[in-house]
Amino acid sequence: MRFESLLDSVGHTPLIGLPRLSPSADVRLWAKMEDRNPTGSIKDRAALRMIEQAEADGLLRPGCTILEPTSGNTGISLAMAARLKGYRLVVVMPENTSVERRQLLHMYGASIHFSPAAGGSNEAVRVAKVMAEEHPDWVMLYQYGNPANSLAHYETTGPEILADLPTITHFVAGLGTTGTLMGTGRFLREHVPGIEIIAAEPRYGEVVYGLRNIDEGFIPELYDESVLTTRYSVAARDAVRRTRELLDLEGIFAGISTGGIVHAALGAAAKAHKEGRKADIAFIVCDGGWKYLSTGAYEGTLDDAEDALDGELWA
Amino acid sequence: MAIEVRIPTILRNYTDGAKIVEGSGATLAEVLADLETRYTGIHERIVDEAGLRRFVNVYLNDEDVRFLDGINTAVSDGDVVTVLPAVAGG
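Values in this document were obtained by computation on a predicted structure and should not be read as measured data. (Residues numbered from 1 in each chain as written. Chains lettered and ligands numbered in written order. Predicted model: local features only at pLDDT ≥ 70, side-chain atom pairs only at ≥ 80, totals over all residues. Heavy atoms only, no water.)

Turning to the domain arrangement of chain A, a few remarks are in order. Residues and elements named next belong to chain A. By the assigned domains, chain A splits into domain 1 (7-36 + 157-309) and domain 2 (43-140). Its C-alpha centre places domain 1 at a distance of 24 Å from the equivalent point of domain 2. In total, domain 1 and domain 2 occlude about 1,700 Å² of area from one another, counting both sides; carbon and sulfur atoms represent 56% of this. Per-residue buried area on domain 1 facing domain 2 is highest for L7, V10 and K291; these three make up 38% of the total on that side. (Domains from an automatic or database assignment. Buried area = accessible area lost by both parts, 1.4 Å probe.)

So this is what it looks like as structure tokens:
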């Protein structure tokens, strides 16, 4: 396939059948390979869509500075696009994120402002909002509340999956900004009656929930509960176990958040199998495992991996 | 009926620091009411007049109860209830 530039090649990812992981010929699992995007994650879709919307709206002009709170992948996607389009990028990232993410951001020329580990991305969002007030000329795209984030998936991810799998019965993805699930979920609901839209939410170690007050919690502005049918909380141990299973059985080397999604997808598959229903379950492979090798998730026992990930933002 | 309830760090001042407590009842609402008899004040940190508080998520065996029957979700012996504050991902 030929494209005029790297930015033009975002999306159009393969959907790959998983015969060994699927419980039967009637209940099939399918992996949407978002690691095949230019910077290796699904966030390329949202990042590019948000930048192009801001350009169309006249907010972004050449030489502008973009500011964004991100635990990694969105920052890396924005950094690539910003480099090609001539913007400066400042990301606010929690300090408990993998070293590879920092290395990639530095390579693309982004500036990183670290926020404290306690509170995780909540803190990054809070710090970025303060910085945005201090620098009114900077443009914060704000992935948690920017409709262009979910629109990217409504316009591309959803239609691609439906074209490749018209018999789809379940869609499973990770819940972070909620953009993937809101956009893809809305599109699929409009075209597939009765489809199940399942969220897999990472359950982190305790430091990440270290808020001072329970009313300081955070729900992304994009989140609309009515798009989902089920929401699972997946612990690091289950996510790592499934990440390894995906590699062992199907040869796919995915990041840890994908393991969490596989866990939820297998739960849905087991349920359909037990009830004797046919099912075609598509799930998102968010990124490859490369950026998480240093975390220890891919070697040693599950206990070791669980300990290594405690307190880390692994998804 | 014994239901295991996992308490987040910020609510452990109500449970003398305990991470895991036991409750009883046939529904989540009954379990939370039962907890209140021993851990005074914890109930209103999790529930208000409308149901679950906005920034509180409660999971029954890892499934968000808002997609089951909310605080009226049926629970049974051996179930695990996890209470967590809503945090940002991404």
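Picking up where we left off.
The backbone phi angle of Y142 of chain A is positive, close to 55°, even though this residue is not glycine. Relative to the assigned elements, Y142 of chain A resides in the loop between strand 6 (139-140) and helix 5 (147-164). For Y142 of chain A, a relative accessible area of 12% puts it in the buried group. Of note, D62 of chain B is a non-glycine position whose phi angle comes to about 75°, a positive value. One can find D62 of chain B in the loop between strand 5 (56-60) and strand 6 (63-64). According to the relative accessible area criterion, D62 of chain B is partly exposed, its value standing at 24%. (Helix = DSSP H or I, 4+ residues; strand = E, 2+ residues; numbered from the N terminus. Buried < 20%, exposed > 50% of the residue type's maximum accessible area, 1.4 Å probe, protein only.)

Residues and elements named next belong to chain A. With 5 of 6 residues buried, strand 9 (residues 230-235) is to be regarded as a mostly interior element. As defined by bridge partners, strand 8 (residues 196-203) adjoins strand 9 across 6 bridges and the pair is classed as parallel. By the bridge assignment, A200 is partnered in strand 9 with Y232. (Pairing = 2+ DSSP bridges.)

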